[in-house]
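Below are the chains, spelled out letter by letter.
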Amino acid sequence: MLEIKDLHKRFGDTVALEGVSLTAAPGEVVGFVGANGAGKTTTMRIAMGVLAADSGQIVYNGAPLDVAARRRFGYMPSERGLYPKMKTAEQIAYFGELHGMSRAEAKRAAAALLEQLNLTERSGDFVQDLSLGNQQRVQLAVSLVHDPEALILDEPFSGLDPLAVDVMGTALKDRAANGAPVIFSSHQLDLIERLCDSVVIIGNGKIIAAGSVEALKAKEVKQLRVSVQTPQDLTESLPGTVTRDGDDYLVEDADDQEVLRIAAAAGRVTHFAYDQPTIAEIFREAVTR
Amino acid sequence: MSSPTPETSRMRGLMLVAGREIRVRGLSKANLVSLIVTVVIVGVLAALPTILGGGEDEAETIGLAGTNAAAMESQLKAAGGFDITMYDSAGEAEQAVEDGDVDTAVADGTLYSEENPDQGLQTRLDAAWQAAAVQTSLAEAGLSDAEIAAALTPRPLATVTLAEGETDPVTSYFTGLVISIIMFMMLMTPVQYIAMGVVEEKSSRIVEILLTSLKPWQLLGGKVIGLGVISLVNLVAMVAVGLGVSAATGVLADLPPGTASAAISTIGWWLIALVLFGTLAGGVGSLVSRQEESGSVLTPLIMSLTLSYIGAIFTLNAPTSTFAQVLSIVPPFSAITMPTRMAITTVPAWEIALSIALLVLAAAGALALGAQLYKRSVLYTGSRLKLSEALRRTA
């Protein structure tokens, strides 16, 4: 269990974080969403110990997160960085060693990751000679080489090609399946929706919405969408507030069973369900509220 | 994965960083090529005296005639180093000098020479002339050759040197010069590479990942150790080739005694100075975010290194002056000046002790300052940080 508790951080006169808390249970993939400058990167940097918070703490498995435990974390910073003049495989293995692996273990892990990322034939090349997309894959390998037991990833999908997105997504799911808490931020809300168990939305340094994907969606549900094959106009006959959306009827504030009965009497019902907002809609709603 | 104790993982982090520097920088093509080129140059230079004929002095050609000519001949032959031609008259001898058959001629108490004869030659000829005159007089007085020889070769003065370990001043000067040049080079190169490395990590933002598993002091310390090892290996390779070639060509026997001990003590001074300059270089390097800006923050360090070197050269020429004495005690100048001064003159033990103590103190201060600067500013990106801002920032 990774808990970020009540973080506060100021940069000069700018308040970056104002009581940010979020948790990731073992095996839980948490999506961290927010506009640019909302405080995602600051929160993750503090969690990784790269930045010190003014107050608040990071608790991992019941104890304050220390250097030794953090070394077993995987981290991908928003601003990517690699040694340009170091060979690809050597570089990945070096980070494995920094995370406490033996030389041989690190080399083996690096080779396996390069294989997985289709980079085996570039192992001996300098990182600066790789394309940007391939450098991103190396960055990914660097964050995964030591088989991390928790992941904190800042925009892990930005700049990745579809293959690398799949590898990254699979990696996140695999870690989570092994019981690792995973926190990642992204602006690609469809990815968040696909991969995450829960979502945390941050705005101006404060958490404005948090919860499991289902719960968040359920909270936002209001409208019943009904499609009926009928020549009649049911606007007047359906109970509650009824609006038209193309050929569909959107019904609010009514007993859904009565709506169904009236609609079925009028013709063949082809669609009858509450509208589920996408994460993107929830996000827009939360941010503008 | 095993969980090592904090102590071992601390050392391991430091050594991993140092190891990376050695692998990536030390084994880089650029470094290997420059090392090979330098080693070849050193080898050739060491072999040069032998190639050019072992440095034997050319024999002076001299013409003799007139009074005492025979006695002069025997004196000059005994002294050696002269190629003697006898002439029948002073006129002939003079003509021979004019024609360039001989460099100089001595006839009837006159020295003929095309140009002013050099001081050394004139002194030797004067001495030979006086000895020859005495020899002739003694022979005229009826002494036997053996008696004359005994009279002319008194036991030379025994020399007792009161200052200890006094060596030939030319050799000492040369040793001092070599020490100052090597110290300067061996500090300049790692200082620049340390700063470059720090800026590289900062500008590529890799430092953010590094700092999740390393402490700032490990990152900085590992760099200083790694680049120090590279410099030392480069130097040892150069010295080994230089000495090896000298030994093979037989020049080695000429090395002054105490060369080895001077070399070892110089390495000691270098180690302290490396900590001093290296950590400061890392600290000021972290103030900037781009490689182009590193020159400006390094300037004070490069300046003080250059001044130390100039101070050392000054010391070579005036080792007993008050200025040299002060420079060789005050850090950071003492790092280069003191070992240089120790090579050329005898320095009182208390001055050496004081100099070491102050340098170690300065190195400890630099370590603290450099590490603080580094810790506070390495994650800051954007325009160059002012020193005062960096020190005011909380890490």
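Residues numbered from 1 in each chain as written. Chains lettered and ligands numbered in written order. Predicted model: local features only at pLDDT ≥ 70, side-chain atom pairs only at ≥ 80, totals over all residues. Heavy atoms only, no water.

## Some thoughts on the domain arrangement of chain A
All names here are of chain A.
- Splitting chain A by domain gives domain 1 (2-213) and domain 2 (221-288).
- The distance between the C-alpha centroids of domain 1 and domain 2 comes to 41 Å.
- Across the boundary between the two partners, domain 1 contributes ten residues, which contact seven residues of domain 2.
- Of all residues in domain 1, the largest losses of buried area upon contact with domain 2 belong to L189, E193 and I201, amounting jointly to 54% of the total for that side. (Domains from an automatic or database assignment. Contact = heavy atoms within 4.5 Å. Buried area = accessible area lost by both parts, 1.4 Å probe.)

## A short note on helix α6 (residues 162-177) of chain A
- With 16 residues, α6 of chain A ought to run about 22 Å at 1.5 Å a step, and its terminal C-alpha atoms sit 22 Å apart, in line with that.
- Within α6 of chain A, the full set of buried residues consists of A164, V165, V167, M168, G169, A171, L172, R175 and A176 of chain A. (Helix = DSSP H or I, 4+ residues; strand = E, 2+ residues; numbered from the N terminus. Expected span 1.5 Å × (residues − 1). Buried < 20%, exposed > 50% of the residue type's maximum accessible area, 1.4 Å probe, protein only.)

## What about the packing of helix α10 (residues 259-285) of chain B against helix α11 (residues 294-317) of chain B?
Residues and elements named next belong to chain B.
- Taken N-terminus to C-terminus, the directions of α10 and α11 make an angle of 160 degrees; their axes are 8 Å apart at the nearest point. When the axes of α10 and α11 are compared, the pair comes out roughly antiparallel. Considering how the two elements wind past one another, α10 and α11 form a crossing that is left-handed. Here F277, L280, A281 and V284 of α10 come into contact with α11, specifically with V297, L298, L301, S304 and L305.
- Split into classes, the residues belonging to the contact of α10 with α11 amount to eight nonpolar, one polar and no charged. (Axes fitted to C-alpha atoms, helices over the stretch in contact; angles between N-to-C directions. Parallel < 35°, antiparallel > 145°, perpendicular 65-115°, else oblique. Left-handed = near helix turned anticlockwise from the far one by under 90°. Nonpolar A, V, L, I, M, F, W, Y, C, P; charged D, E, K, R; others polar.)

## Comments concerning the nonpolar core
- Judged by nonpolar contacts, the single largest core of 111 residues is most densely connected at Y94, F95, F157, L172 and F184 of chain A together with L210 of chain B.
- In terms of residue count, the dominant contributor to this core is helix α7 (residues 169-203) of chain B (eleven residues).
- Contacts of L210 of chain B, omitting those with residues within four sequence positions, involve Y83, Y94, F95 and L98 of chain A together with E201 and L219 of chain B.
- In terms of nonpolar packing, the next biggest core, distinct from the first, is built from 26 residues, L2, A24, V50 and A69 of chain A among them. (Core = buried A, V, L, I, M, F, W, Y, C linked by side-chain atoms within 4.5 Å.)

## Quick look at the packing of aromatic side chains
- In this structure the tally under the stated criterion is six aromatic pairs over all chains.
- Relative to F95 of chain A, the ring of Y94 of chain A has its centre 5.7 Å away and its plane inclined at 70 degrees; by these criteria the two rings are edge-to-face. We note that Y94 of chain A, like F95 of chain A, is buried.
- Ring geometry for F184 of chain B and Y309 of chain B: centres 4.7 Å apart, planes at 25 degrees, overall stacked. Of the two residues, F184 of chain B sits in helix α7 while Y309 of chain B sits in helix α11, which places them 125 residues apart along the sequence.
- Using a relative accessible area of 18% as the deciding quantity, one classes F184 of chain B as buried. (Phe/Tyr/Trp six-rings, centres within 6.5 Å; stacked < 30°, edge-to-face > 60°.)

## Comments concerning the UniProt feature "transmembrane region" (unreviewed entry) in chain B
Residue and element names in this part refer to chain B.
- Sequence positions flagged by UniProt for "transmembrane region" (unreviewed entry) are, in local numbering, residues 30-52, 173-195, 224-247, 267-288, 295-316 and 352-374.
- Across residues 224-247 one finds 100% helix and 0% strand; the C-alpha atoms that close the span lie 34 Å apart.
- Between the first and last C-alpha atoms of residues 295-316 the distance is 30 Å; the span itself is 100% helix and 0% strand. (UniProt positions renumbered as here; feature names shortened; annotations may be inferred.)

## A short note on the pairing of strand β10 (residues 206-212) of chain A
Residue and element names in this part refer to chain A.
- Bridge analysis of strand β9 (residues 198-203) against β10 gives six bridges, and the strand direction is antiparallel. For I202, the partnering residue across the bridge sits in β10 and is I207.
- The hairpin turn running from β9 into β10, its antiparallel successor, is two residues long, and N204 in that turn takes a positive phi close to 50 degrees. (Pairing = 2+ DSSP bridges.)

## Comments concerning unusual backbone geometry
- Each neighbour pair has its own omega, and for P331 of chain B with P332 of chain B the value is 5 degrees, a cis peptide bond.
- Even without being a glycine, N61 of chain A presents a positive backbone phi close to 50 degrees.
- Residue placement: N61 of chain A occurs in the loop between β4 (55-60) and β5 (63-64).
- Phi is positive for N204 of chain A, close to 50 degrees, though the residue is something other than glycine.

## What about the interface of chain B and chain A?
- In this complex, chain B contributes 22 residues to the contact, which on the side of chain A involves 31 residues.
- A buried area of about 2600 Å², summed over both sides, lies between chain B and chain A, and 58% of it is on carbon and sulfur atoms.
- At the boundary of chain B with chain A, the tally comes to four salt bridges.
- Of the charged contacts, one joins E90 of chain A and R23 of chain B as a salt bridge, the two residues approaching to 3.1 Å between their closest N and O atoms.
- Taken together, the connections running from chain B to chain A amount to seven residue pairs in polar contact (both at pLDDT 80 or more).
- Counting residues per element, the ones that place at least two in the side of chain B that touches chain A are α1 (6-26), α7 and α8 (207-213) of chain B.
- Here the side of chain B that touches chain A is built from residues that sort into ten nonpolar, four polar and eight charged. (Salt bridge = Lys/Arg side-chain N within 4 Å of Asp/Glu carboxyl O. Polar contact = N/O pair within 3.5 Å; in protein donor to acceptor, adjacent residues only side chain to side chain.)

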